[in-house]
Amino acid sequence: SGLRRFFRFARREGLLDAIPPVPGSERTRRRRLPRAIPEDRLVSNLDGLALRGASLRDQALLETLYGSGIRVAEASTLSIGDVNVAARTLRVRGKGMKERLAPLTDTAFRALELMLGERHLSWSDADPRLPVFAGRAGTRRSEPGLSAAGEASPCAIAARETSMSASTSDMSIA
């Protein structure tokens, strides 16, 4: 890095005609795009979560991640007030705390409603500061806690069956 910078300086000052290659200075390798999960396989795994005994929270989490295209880190910061029921959108805070709106599919919305019902809450009377994806004690789950969802959980099993890591924070669909 320092040598490349020196060569650029020398070129600007007219001391060099061309910037010579620096051994070992190749740019970092291009990152490969994540392998796409065949859509039919992913949908069948999402549909089969209830049969595998997944909790309503885990089902709602996967439906929301898949249907809205949000990251696990963004899901971990969602509060009840971030869900616009009428517009079916989520206000998510991503990298650098940038806010954006993400669509909420009907399937994900129904899964979230079932999960809230299990917690004896509704969209209209719940405290907007409450976390959407809460742990057993009702507190906000951390990103690792949400993404792992327990190695033996049905969500982790479904994730492995669809060729994606249970701790992956980004999903890709074919």
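Look a little higher up for the structure.
A brief report on the enclosed structure follows. Since this is a predicted model, take the numbers as computed values, not measurements. Note that residues are indexed from 1 along each chain, following the sequence as it is written. Owing to the predicted nature of the model, reporting of local features is limited to residues with pLDDT of at least 70; listing and counting of side-chain atom pairs is limited to 80 or more, with chain, interface and lining totals taken over all residues. To obtain the side-chain values, all non-hydrogen atoms of the structure were included, while hydrogens and water were left out.

## Some remarks on the overall build of the protein
Here a strand is any run of E in DSSP of at least two residues, a helix any run of H or I of at least four, and the numbering for each starts at the N terminus. Scanning the protein from terminus to terminus reveals 7 helices and 3 strands. The secondary structure elements of the protein, listed N-terminal to C-terminal, are α-α-α-α-β-β-β-α-α-α. Throughout, a residue-residue contact means that at least one pair of heavy atoms, one from each residue, lies within 4.5 Å. Within the protein, contacts between residues separated by at least 24 positions form 53% of all contacts whose residues are at least 6 apart in sequence.

## A word on helix H3 (residues 56-68)
Counted at 1.5 Å a residue, the expected span for H3 with its 13 residues is 18 Å, and the 17 Å between its end C-alpha atoms agrees. Of all the 13 residues making up H3, 10 are buried; the element is thus mostly covered by neighbouring parts of the structure. For each residue, the accessible area found with a 1.4 Å probe, counting protein chains only, is set against the maximum for its type, and the residue is called buried under 20%, exposed over 50%, and partly exposed in between. All buried positions along H3 are accounted for by Arg57, Asp58, Gln59, Ala60, Leu61, Leu62, Glu63, Thr64, Leu65 and Ser68. Gly69, located one to two residues past H3, shows a positive phi value of around 75°. An expected span of 1.5 Å times one less than the residue number is assigned to each helix.

## With respect to the sheet that holds strand E3 (residues 99-103)
In space, the 3 strands of this open sheet follow the order E1-E2-E3, with antiparallel pairing throughout. Whereas interior strands pair on both sides, the edge strands pair on one side only; in this sheet they are strand E1 (83-84) and E3. In this scheme, strands are said to pair when DSSP sees at least two bridges between them. Where E1 lies against strand E2 (residues 89-93), 2 bridges are found, and the strand directions are antiparallel. Within E2, the position partnered with Val83 by the bridge is Leu90.

## Section: the pattern of salt bridges
By convention in these notes, a salt bridge is any Lys or Arg side-chain nitrogen within 4 Å of a carboxyl oxygen on Asp or Glu. Taken as a whole and assessed by the stated rule, the structure comprises 8 salt bridges. Here Glu99 makes a salt bridge to Arg91, at a shortest N to O gap of 4.0 Å. Owing to a relative accessible area of 33%, Arg91 belongs among the partly exposed residues under this scheme. The salt bridge involving Arg93 is made with Glu99; its shortest N-O contact spans 3.7 Å. By relative accessible area, Arg93 is classed as buried at 18%. The class for Glu99 is exposed, based on a relative accessible area of 53%. Here the salt bridges share partners, and the residues they tie into one network are Asp82, Arg91, Arg93 and Glu99.

## Some details on the packing of aromatic side chains
Centres within 6.5 Å make a pair out of two Phe, Tyr or Trp rings, where for Trp the six-membered ring is used; the pair is then stacked when the planes are under 30 degrees apart, edge-to-face when over 60, and tilted otherwise. Under the criterion given, the structure shown has 2 aromatic pairs. Measuring from centroid to centroid gives 5.9 Å for Phe6 and Phe7, while their planes differ by 50°, and the two rings are tilted. By relative accessible area, Phe6 is classed as partly exposed at 48%. Taking the centre distance of 5.8 Å and the plane angle of 15° together, the rings of Phe109 and Trp123 count as stacked. With Phe109 in helix H5 (residues 106-118) and Trp123 in the loop between H5 and helix H6 (143-148), this residue pair connects regions lying 14 residues apart in the sequence.

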